[in-house]
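# Per-entry structural report
Chain by chain, the residues run as shown.
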Amino acid sequence: MLQSLTSDILCSLEVMKLPHQSAIKRPHSKTPAHKDIYSTRLSNQPQTGFHEGFRTSDEFFRQLVESLEDYAVFTTDIKGNISSWNRGAKKIFGYTEKELLGKNSSVLFVKQDLKNNIAQKELYTALKKGKSIGERWHMRKDTSKFWGSNLVFPLYDSEKNVRGFTKVTRDLTDRKVARDQEKKFRSVIENSSDGIRLIDRNGKITYASPSTKRILGYNPKEYVNQKIIDLIHKDDKKIYRDTMRKILDNPGSSVHLTYQIKHKDGTYRWMEGVGTNLLDDPAVNAIVSNFRDITERKDLERRKDEFVSMASHELKTPITSLNLFTDMLKKNAQEKKYDSIPTFAKKIRQQTSKLTEIVNDLLDVSRIETGKMRFRTEKFNLSELLHDIVDDMQYTTHKHKIVCIAKQPMLITADRYRIYQVLTNLLTNAIKYSPENTQITVTLKKQKNFALVSVADKGIGISKDQHKNIFDKLYQVGDSKEKTFPGLGMGLYISKEIITRHNGKIWVKSKGKSIGKKPGNGSTFYFTLPLNV
């Protein structure tokens, strides 16, 4: 039975795909396995009857089992009580043979597996299917745990009756740790918000993480095998090539780079990334490049630069006018031309109002950013406020007719000054972006428990792709090449904050933009405010 056991163990090692200490080859003939397995090991010994007898003896196989020190090999009776225990078992589990003989093998299982009757299930599977193969945690004598591969198979006597079981276990903790670390690393890569790609020495993409789809529109499979330089914007090709040469010349080095790269939809997006040369690392053999989309950040930086330029211009204009008018006022006073003083005083007042408006907008943006914008709420009739604002704004323009349709009284509780500020902003924009001699209509309606206000013009309109950004800070209608209309791009941003803080909503509708300042599709801005119910 011991010979049969050993033969089964040797075949088991093959099943487990684990290396063992002897130079074992599978037999290719019907000759019993144990007669062929060791023929090479004994080939330099005289083939005498003594050696042949020893080679097939129980003592030989006992020594063979004992020599497998990297494997715990032990047998149990049909109830799982341990009946033999090799040196490998002592090395792996920490118990001596004397300590465990007669003890149930369940002492080698962790608590959770004992709770789930894994020890019994393992024997049942081996009995039913001829073997049981698996990997799980085991408990050592010192209560430490290790991850082991297991193979259990039944033992038969000469009459094919089951007499017990053999279990072969190997400590694979290091392998499991490495495998788990690899899984974690892969999970980090595949769930990273940044894109990660591997590039070979020739600049060809060999791997792309799943986030490539979100960032650049490509499925990873579509992205792989493309030449990275072919996707780089023409303005950035030179700096990208120079950076790649620098990385290639310095194994292990990392280089930071910002560049424009082609999206699958044909547009170019700004990327920020770091490339690290791991070509000499056999485990990687690539340049590791992580990248993130900074297009919005670049756009914000551009708008900030434009804002500084526009703010300087907007502030400079009234200041220059103030200097001019005060100089003329002083000169006329010295020349005793007193009739002109009221005219210049009025112009100085107008320029001062412009300065005040700009400064107030800057202060409001600062208050919004720091969460310090305060509201003084009161109960008032929104319909009356609309009529007052329309009358006030009509005085500022003789080229537009402003109509107010707000017949039904609607009571709200809000900051009267801030709502006035929103409506003034919307009407000022409607005048600014509308051609001459057109009508602007302000309408007030009831929509369930909200007051719905709309300001409609017949101006140049707003492109649909700008609708989602128009309430952003520093945003202006048009592109960077259009400088047709003055302003800092803060009015709608402030208006949205005011309406949102009043538990309302603000939005715009426009069929699109016309060319120049000719009559076009126009725009309608809407906002809601809760009614007093």
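This write-up is about the structure you can find in this document. (Residues numbered from 1 in each chain as written. Predicted model: local features only at pLDDT ≥ 70, side-chain atom pairs only at ≥ 80, totals over all residues. Heavy atoms only, no water.)

A separate point is the pairing of strand β15 (residues 450–456). Within β15, five of the seven residues are buried, leaving the element largely enclosed by the surrounding structure. Across seven bridges, the pairing between strand β14 (residues 438–447) and β15 is antiparallel. Across the sheet, Val442 pairs through a bridge with Val455, a residue of β15. Hairpin geometry of β14 and β15 is characterised by an intervening segment of two residues between the two adjacent antiparallel strands and by a positive phi of about 55° at Lys448. As defined by bridge partners, β15 adjoins strand β17 (residues 524–530) across seven bridges and the pair is classed as antiparallel. By the bridge assignment for β17, Ser454 is matched with Tyr526. (Buried < 20%, exposed > 50% of the residue type's maximum accessible area, 1.4 Å probe, protein only. Helix = DSSP H or I, 4+ residues; strand = E, 2+ residues; numbered from the N terminus. Pairing = 2+ DSSP bridges.)

On to the sheet that holds β14. A sheet is described by the order of its strands in space; here five strands give the open sequence β12-β14-β15-β17-β16, paired in mixed fashion. This sheet does not close on itself; its edge strands, each paired only once, are β12 (400–405) and β16 (506–509). For this sheet the average axis-to-axis angle between neighbouring strands, irrespective of direction, equals 15°. Where β16 lies against β17, four bridges are found, and the strand directions are antiparallel. Among the inter-strand pairings, Ile506 is bridged to a residue of β17, identified as Phe527. In the packing of helix α16 (residues 382–394) onto the sheet, the strands contacted are β12, β14, β15 and β17, and the crossing angle to β12 comes to about 170°. (Axes fitted to C-alpha atoms, helices over the stretch in contact; angles between N-to-C directions. Contact = heavy atoms within 4.5 Å.)

What follows covers the sheet that holds strand β4 (residues 145–156). The strand order β2-β1-β5-β4-β3 describes an open sheet built from five strands, whose pairing is antiparallel. Looking along the sheet, the strands with just one partner apiece sit at the ends: β2 (82–85) and β3 (132–139). Looking at each pair of strands side by side, their axes are set apart by 30° on average, direction ignored. Packed on one face of the sheet, helix α8 (residues 118–129) meets β3, β4 and β5 (162–171) and runs near 40° to β4. Contacting β3, β4 and β5, helix α9 (residues 173–190) crosses the sheet at an angle of about 125° to β4.

Across all of its chains, the model carries 18 salt bridges by this definition. Note that Lys91 and Asp70 form a salt bridge whose closest N and O atoms lie 3.4 Å from each other. Of this pair, Lys91 sits in helix α5 (residues 87–93) while Asp70 is found in the loop between α4 (58–67) and β1 (72–76), placing the two residues 21 residues apart along the sequence. Relative accessible area serves as the criterion here: at 55%, Lys91 is assigned to the exposed category. Among the ionic pairs, Asp242 bridges to Arg245, the shortest N-O distance being 2.8 Å. (Salt bridge = Lys/Arg side-chain N within 4 Å of Asp/Glu carboxyl O.)

Counting residues in hydrophobic clusters, the biggest one holds 44 residues, and the most contacted among them are Leu382, Ile419 and Phe527. If one sorts the elements of this core by residue count, helix α17 (residues 416–432) sits on top with seven residues. Look past the residues within four positions of Phe527 in its chain and what remains in contact with it is Val422, Leu423, Leu426, Ala451, Leu452, Val453, Ile499, Lys505, Ile506 and Trp507. The next biggest cluster of nonpolar side chains, apart from the first, holds 22 residues, and it includes Ile247, Val255, Ile261 and Leu279. (Core = buried A, V, L, I, M, F, W, Y, C linked by side-chain atoms within 4.5 Å.)

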